Amino acid sequence: MAEKKFTKFFKKHLSEKLNELFEEYDYPLQACPEFSVPSYYGRNGIDIGIYSEKDNNCIVGIEIEYKSSPYQIKLNQSKFKNWVKNSAYRAGGLFHIIHSEANISQEKMYELIVDGYGAVSEGKDFYYEFYALKDIDRRATLKTAAYLLQDEWEFDARLFALIYQVFGV
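Predicted, not measured: the structure shown is a model, and the values here were computed from it. (Residues numbered from 1 in each chain as written. Predicted model: local features only at pLDDT ≥ 70, side-chain atom pairs only at ≥ 80, totals over all residues. Heavy atoms only, no water.)

1. Comments concerning the pattern of salt bridges
Here is step 1 of the chain: Applying the stated criterion across every chain, the model contains 6 salt bridges.
Here is step 2 of the chain: The shortest N-O distance in the salt bridge between Glu 34 and Lys 11 comes to 2.2 Å. Placement of the pair is Glu 34 in strand β1 (residues 30-39) and Lys 11 in helix α1 (residues 5-24), with a sequence separation of 23 residues.
Here is step 3 of the chain: The class of Glu 34 is exposed, set by a relative accessible area of 53%. (Salt bridge = Lys/Arg side-chain N within 4 Å of Asp/Glu carboxyl O. Helix = DSSP H or I, 4+ residues; strand = E, 2+ residues; numbered from the N terminus. Buried < 20%, exposed > 50% of the residue type's maximum accessible area, 1.4 Å probe, protein only.)

If you want it as structure tokens, here you go:
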């Protein structure tokens, strides 16, 4: 899907807020918008990549699904999962942020969750979480990013569970 203004600025601001948080807690991690990793099929782009400069085989990817189709959401999940599973040395966690305006039915959402957690059950160092982004002011992307990291315990718990599983911090 074509990138919307909301997605463009939200991932920029969320990356900035994450980097501030990592610095505050002295985590050796960086968040980078428009992150990409080489894969068997070419470059695998991720909306936000969280990585450690010490180990480029460990990544937590954040995918923001705003005006997305069910096909695109599933494709993002599959591409990241395959990147992790195609090497015994990789570990990765995918954190899907799914906005209420994403074009996904309850049935497709169920499939996404079952497939994501099914892949986690297989082992192979792939982890998956999702967060349903409720109705927000789409013009206030900086405010939304700050709110999620400071006041939304569910967002914080799910994201940092992935960070712990992948990086051990």
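2. Structural notes on helix α4 (residues 141-150)
Here is step 1 of the chain: Among the residues making up α4, those that are buried are Thr 141, Thr 144, Ala 145, Ala 146, Leu 148 and Leu 149.
Here is step 2 of the chain: The inward-facing, buried residues of α4 abut α1, β5 (126-133) and α5 (153-167). (Contact = heavy atoms within 4.5 Å.)

3. Brief notes about the nonpolar core
Here is step 1 of the chain: Ranked by internal contacts, the top residues of the largest apolar core, which has 31 residues, are Ile 50 and Leu 159.
Here is step 2 of the chain: Elements supplying a minimum of two residues to this core: α1, β2 (42-52), β3 (55-65), β4 (91-99), β5, α4 and α5.
Here is step 3 of the chain: Filtering out sequence-adjacent residues up to four positions away, Leu 159 remains in contact with Leu 18, Ile 50, Val 60, Ile 62, Phe 95 and Leu 149.
Here is step 4 of the chain: Formed by 15 residues, the second largest nonpolar core is a distinct cluster that contains Ile 59, Ile 73, Met 109 and Leu 112. (Core = buried A, V, L, I, M, F, W, Y, C linked by side-chain atoms within 4.5 Å.)

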